[in-house]
Each structure stands twice: as structure tokens, then as C-alpha cells.
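Examining the three-dimensional arrangement
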Amino acid sequence: MLLATWNVNSLKVRLPHLLTWLQSARPDIVALQETKLVDEAFPTAELEEAGYHCAFAGQKTYNGVAVLSREAITDVVTDLPGYADPQRRVLGCTVGDVRVLNLYVPNGQTVDSEKYHYKLDWLKALEDFCRDELKAHPLMAAVGDFNIAPADRDVHDPDAWRGSVLVSPAEREAFDRLTALGFVDTFRLFNSDGGFYSWWDYRMGGFRRNHGLRIDHVLASKQLAERCLGATIDVEPRTWNRPSDHVPVVARFS
DNA sequence: ATGGTTGCAACGCAA
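Residues numbered from 1 in each chain as written. Chains lettered and ligands numbered in written order. Predicted model: local features only at pLDDT ≥ 70, side-chain atom pairs only at ≥ 80, totals over all residues. Heavy atoms only, no water.

Across its full length, chain A carries seven helices and 14 strands. On C-alpha atoms alone, chain A measures out to a radius of gyration of 17 Å, which is about the 18 Å that the 2.2 N^0.38 rule sets for 254 residues. Projected onto its principal axes, the C-alpha coordinates of chain A cover approximately 45 × 45 × 35 Å. Evaluated residue by residue, chain A yields a buried proportion of 56% over its 254 residues. Here the analysis covers contacts within chain A between residues at least 6 apart in sequence; of these, 69% occur between residues at least 24 apart. Surface exposure of chain A reaches about 11000 Å², of which carbon and sulfur atoms provide 51%. Of the side chains in chain A, 28 bear a positive and 35 a negative charge, and the two mean positions are spaced by 3 Å. (Helix = DSSP H or I, 4+ residues; strand = E, 2+ residues; numbered from the N terminus. Rg over C-alpha atoms; globule rule 2.2 N^0.38 Å. Buried < 20%, exposed > 50% of the residue type's maximum accessible area, 1.4 Å probe, protein only. Contact = heavy atoms within 4.5 Å. Areas by Shrake-Rupley, 256 points an atom, 1.4 Å probe, with all protein chains shown as cover. Lys, Arg positive; Asp, Glu negative; His and termini not counted. Charge placed at Lys NZ, Arg CZ, Asp CG, Glu CD.)

What follows is the structure, given as C-alpha cells:
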């Protein structure tokens, strides 16, 4: 079973890339972020034609998440309990025996901004939610654009980034508290090296120079992680014409 | 030198 996450930065623009990638990678479940589409505009017909069921929580212009699955999708939730938020950043659902939580964690903008405090508040609500979800669903994955590079090895220039949003201590502590609930970073089960990134700024030739950050993750509950056979970052779509600034991260399970 | 690119949608905002 292949489980993937991809921040597509506009599903309208990236639909051709997504369809091409679905055909080549053949994932069973794909979590999408930054669809930037209202639900009425979601390309359900094209994706069903490609063999996927769809669940989505969209909004105009910003945010928006979706899950595509070859198997049926049930028990959908689109909010963190007790955290009223008009921004569409959460899609929890069940596929087979696995609970999947698709997350588009707030970016935070800068550490001195209101958006940064929103990010930390949001992560606290996520932690409370995941604590309960893990108890209810021993086989669980929390995937998505976390907008956090967990360690310096996940950052192309740690000294230049020190203290910035996406790497700040408070964000990393929130990420560590989340994993301490009982998640495993599947990529790190198979690769402990630096230099592997899932996002590169569009500006300044970021991808060409591999000036990236590893901020998109497939976290698996301990019981699900026991079934993990591999995890990869597929950088190829970043080489295509008019790419997303993020690439798919994929984990394989038995 | 505090830049730059993209998407949305409207001439700014978010990433």
C-alpha cells in the first residue's frame, strides 16, 4: 500500500501534473494540500476517471485539502475538535483499516507575526486531537505539509535559517510533542542523511541549487510503522514545466 | 543586496 502526500499549490493549475504522477507512481492514497478550490470546483470526474475516490474540504484562493483513494473513503472529518477555523486545513478519514489525517499546517509567515501564534495554537489543537485519534485508531497516519523542518539535517543552510519560521525551536518542540504521542517519521526509518528536501522556494533558483527544506511528512503510528517497507521523496515533478514548489513524499506499507 | 517567484485575483496577499 502506497500512501503519499503532496502540496500541489493550486489543484487547478497542477491537475495535469497530478494525473501524470498518479499514472506513474500508482499510489493507493494521496493527501493533497493547497488545492485552492471551492468544493463545487473540485475535479472529481477527472480523478474518478483516474481510479480514485475523492474527499475534499476546500475554500477559495487559499488552503484546501483533499484525499484521493483507490479504496472507499469513510468517516470524514474536516476540523480539529474545539478549534473553530474557517481555514480548510484538515481532512481526517478512514481507508480500509487505516485512519488517515491529512494536514496543511499553517505556514506562520515570520516568528514575530500573528500568523506564527496561530500556527502554534493550531499545533496545540492538533496535538490534542491526535492524542485521541491514536487511542481510537492504532493504525493511523498523519501526513501533509507540516511547515516544519524537524531538525537541522532537514535544512539546506541551518545557520542561515536559525530561529526562522519553519525551523524555530517552538515549532520543532510542537513537532516533537506530536511524534512523542506515538508517531514515526517514516522517511527517517530508512534515511538518516541530510540533503533530502520536499520544498524549495521558487525564488533564487532554489531547486537548481538544492536550497530546500524537508517540511512534508508521512508520520505513521507505531503499529502502522511496523508495516512500513520504505519511504521516498519523489523530486521528479519539481523538474516538470510549471511545478508546485513541493514534491510528493511517499511511504510504502505491507 | 533584506532581493527573488508563483497563484489567485485584482493591482495586494500568502507562501
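Relative to the assigned elements, E71 resides in the loop between strand 4 (65-69) and strand 5 (74-77). With 172 residues separating them in the primary sequence, E71 and P243 have C-alpha atoms 28 Å apart. What E71 contacts, discounting residues up to four positions off in sequence, is H53, V95 and G96.

A separate point is the sheet that holds strand 13 (residues 228-233). Sheet architecture is open: six strands sit in the order 3-4-2-1-14-13, paired in mixed fashion. Each edge of the open sheet is held by one strand with a lone partner, namely strand 3 (53-57) and strand 13. For this sheet, the mean angle separating the axes of adjacent strands, direction not counted, is 10°. Pairing geometry for strand 3 and strand 4, over five bridges, is antiparallel. Bridge assignment links A55 to a residue of strand 4, and that residue is V67. Across the face of the sheet, helix 1 (residues 11-25) comes into contact with strand 1 (2-7), strand 2 (29-33), strand 4 and strand 14 (249-253) while running at roughly 160° to strand 1. (Pairing = 2+ DSSP bridges. Axes fitted to C-alpha atoms, helices over the stretch in contact; angles between N-to-C directions.)

Let's shift gears to the pairing of strand 14. With four of five residues buried, strand 14 is to be regarded as a mostly interior element. Pairing between strand 1 and strand 14: four bridges, direction antiparallel. Each bridged residue has a counterpart across the sheet, and for L2 the counterpart in strand 14 is R252. Pairing of strand 13 with strand 14, which is carried by five bridges, proceeds in the antiparallel orientation. Each bridged residue has a counterpart across the sheet, and for T232 the counterpart in strand 14 is V250.

One pass over the structure, following the stated rule, counts six aromatic pairs. Ring centres of F146 and F175 lie 5.8 Å apart, and the angle between their planes is 85°; this geometry places the pair in the edge-to-face category. Of the two residues, F146 is situated in the loop between strand 8 (140-145) and helix 4 (158-161) and F175 in helix 5 (residues 169-180); the sequence distance between them amounts to 29 residues. The pair F146 / F175 is uniform in exposure class, with both members buried. Between W200 and F207, the ring centres sit 4.8 Å apart and the planes meet at 85°, which makes this aromatic pair edge-to-face. (Phe/Tyr/Trp six-rings, centres within 6.5 Å; stacked < 30°, edge-to-face > 60°.)

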